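# Structural overview
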Amino acid sequence: MFKNMIVYRIAPQWEVELTQVEEVLAKAPFTECGATQEKSLGWVPPRGEAHGPLAESVGGQWILRFMVESKVLPGSVLARKVKEKAERIEQETGRKPGKKESKELKDEAKLDLLPMAFTKQGSMWVWIDTASRLLVLDTSSQGRADEVVTLLVESLPGLSVSLINTQTSPQAAMAHWLKEQEPPVGFTVDRECELKSANEEKAVVRYARHPLDIEEVQAHIDAGKLPTKLALTWDDRVSFMLTEGLQIKKVAFLDTVFEGTKADDGGFDTDVAIATGELVKLIPDLIEALGGEAESGVASAALAAAAGDGAAPAGAGVSAAVPAPPKGKDVSGRSITGPATAPVDTDPDSAPF
């Protein structure tokens, strides 16, 4: 649970009960793809129990689970089917299909093949911490996070979120920690990192299972290469990989976390309690290590609410995580409540779906 994390801040004006969340999710349950359906998405019971609640609360932490199913249709198979259809038309009419007709043939071929295609499923844990006002998604893909955040924002009245934004960029902080060999208080630098040049060549140097307190790493930084990934351990309890986009990957709970627990203490509630109990302390410590949270997005909304009558600002309830909007707007023309740009999607293939 929570092997990767993209973290959002929830605006202060959002107040909702768990029962209301359950009612909203029940309107978009996951169902398997139909015969000619390419993709299906929706919510499933986090416990994995049939007809169970779609929103669970464990120790005050809300846990949801988002499921996606898609049909696997290789491009080569589709191309061969289209070619067969085009050749049949040419044999029967003596002419080759034009551009418009070729597109129609592709759509026809896809409909023919989808009922026979294999399906693949993937799920994403979604954690809402109403006390700390955090929304955490278990994915390393910003694009996939966008999909879920957009669905939540459109479904839950008044919900407004923005990606966590820190005073010091993760890249600048990681470069300082490596160059000066001064990790932040409570953290240690582990034995894995990636350095990338900012020039046109985009040269990359990777270290794996290798000490990083060496002059060679410092020389790379002096030469202009900046960290894009760095392995860290927090409080001897949680190890993870920090990225330049403030994504947290490869989360692993160390043995000290499980001291005092019994071998048969597993199960959904225990897993949630352990994971959220550690991460709810790690996240603010990491933000503090990066200079604290910058005033943007929902932070500005909080100040506006405090200065005014407490009403949500215009445009509240719209996620910042939308692709290529006009400046200051999302794709539907509404105001953005978060940062204007999202972190680079550095490793989409490692996401759960």
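Because the structure is a prediction, the values reported are computed rather than measured.

Bringing the side chain of Glu194 into the picture now. Mapped onto the elements, Glu194 comes out in strand E8 (residues 187–197). Overall, the relative accessible area of 8% leaves Glu194 in the buried class. A distance of 2.5 Å separates the side chain of Glu194 from the side chain of Thr228, its partner in a polar contact.

Let us look at helix H7 (residues 268–289). In this model, H7 (22 residues) spans 31 Å end to end at C-alpha, consistent with the 32 Å of a helix rising 1.5 Å per residue. Taken together, the buried positions of H7 are occupied by Phe268, Val272, Ile274, Ala275, Thr276, Glu278, Leu279, Leu282, Ile283, Leu286 and Ile287.

Another aspect to go through is the pattern of salt bridges. As enumerated under the stated definition, the model contains 14 salt bridges in all. Here Glu15 ties to Arg133 by a salt bridge, and the two come within 3.8 Å at their closest N and O atoms. Taken together, the residues Glu15 in the loop between strand E1 (6–10) and helix H1 (18–25) and Arg133 in the loop between strand E5 (118–129) and strand E6 (134–137) connect sequence positions 118 residues apart. For Arg133, a relative accessible area of 17% gives the class buried. Between Glu194 and Arg206 there is a salt bridge, with its nearest N and O atoms 2.8 Å apart.

So, about the sheet that holds E8. Ordered in space as E9-E8-E10-E11-E12, the 5 strands form an open sheet in which the pairing is antiparallel. The sheet is open, and its two borders are formed by strand E9 (204–208) and strand E12 (248–253), each paired with just one other strand. For this sheet, the mean angle separating the axes of adjacent strands, direction not counted, is 15 degrees. Here 5 bridges tie E8 to E9, and the two strands are oriented antiparallel to one another. By the bridge assignment for E9, Lys196 is matched with Val204. Taken strand by strand, helix H5 (residues 170–180) contacts E8, strand E10 (225–234) and strand E11 (238–243), and its axis lies near 75 degrees from that of E10. Helix H6 (residues 215–222) rests against E8, E9 and E10 of the sheet, and its axis sits at about 155 degrees to E9.

Per the stated rule, a full pass over the model turns up 4 aromatic pairs. When the ring of Phe2 is compared with that of Trp127, the centres are 5.7 Å apart and the planes differ by 65 degrees; the resulting orientation is edge-to-face. In this pair, Phe2 sits in the segment before E1 while Trp127 sits in strand E5, placing the two residues 125 residues apart along the sequence. The residues Phe2 and Trp127 share a single accessibility class, namely buried. Judged by centre distance (6.3 Å) and plane angle (80 degrees), the ring pair of Phe187 and Phe240 falls under edge-to-face. Taken together, the residues Phe187 in strand E8 and Phe240 in strand E11 connect sequence positions 53 residues apart. Judged by relative accessible area, Phe187 falls into the buried class, the value being 4%.

Reading the values: the criteria
- Along each chain, residue indices are assigned from 1 in the same order as the chain's sequence is written.
- Selection of residues for local features in this predicted model requires a pLDDT of at least 70, selection of side-chain atom pairs for listing and counting requires 80 or more, and totals for whole chains, interfaces and linings are taken over all residues.
- With hydrogens and water set aside, each side-chain value is computed from the structure's full complement of heavy atoms.
- Labels follow the DSSP assignment, with helices taken as runs of H or I lasting at least four residues and strands as runs of E lasting at least two, numbered in each case from the N terminus.
- Throughout, exposure labels follow a simple rule: accessible area from a 1.4 Å probe, protein chains only, divided by the maximum for the residue type, with under 20% read as buried, over 50% as exposed, and the rest as partly exposed.
- Nitrogen and oxygen atoms within 3.5 Å of one another constitute a polar contact, given that in protein one can donate a hydrogen and the other can accept it, and given that sequence-neighbouring residues count only through two side-chain atoms.
- One less than the residue count of a helix, multiplied by 1.5 Å, gives the span that helix is expected to have.
- Basic side-chain nitrogens of Lys or Arg form a salt bridge, by our definition, when they fall within 4 Å of a carboxyl oxygen of Asp or Glu.
- Any two strands with at least two DSSP-identified bridges between them are counted as paired.
- In this analysis an axis means a line fitted to C-alpha atoms, helices contributing only their contacting stretch, and an angle means the value between N-to-C directions, from 0 to 180 degrees.
- Any two residues whose heavy atoms approach within 4.5 Å are treated as being in contact.
- Classification of ring pairs rests on two measures: the distance between centres of Phe, Tyr or Trp rings, Trp counted by its six-membered ring, which must be within 6.5 Å, and the angle between planes, read as stacked under 30 degrees, edge-to-face over 60 and tilted in between.

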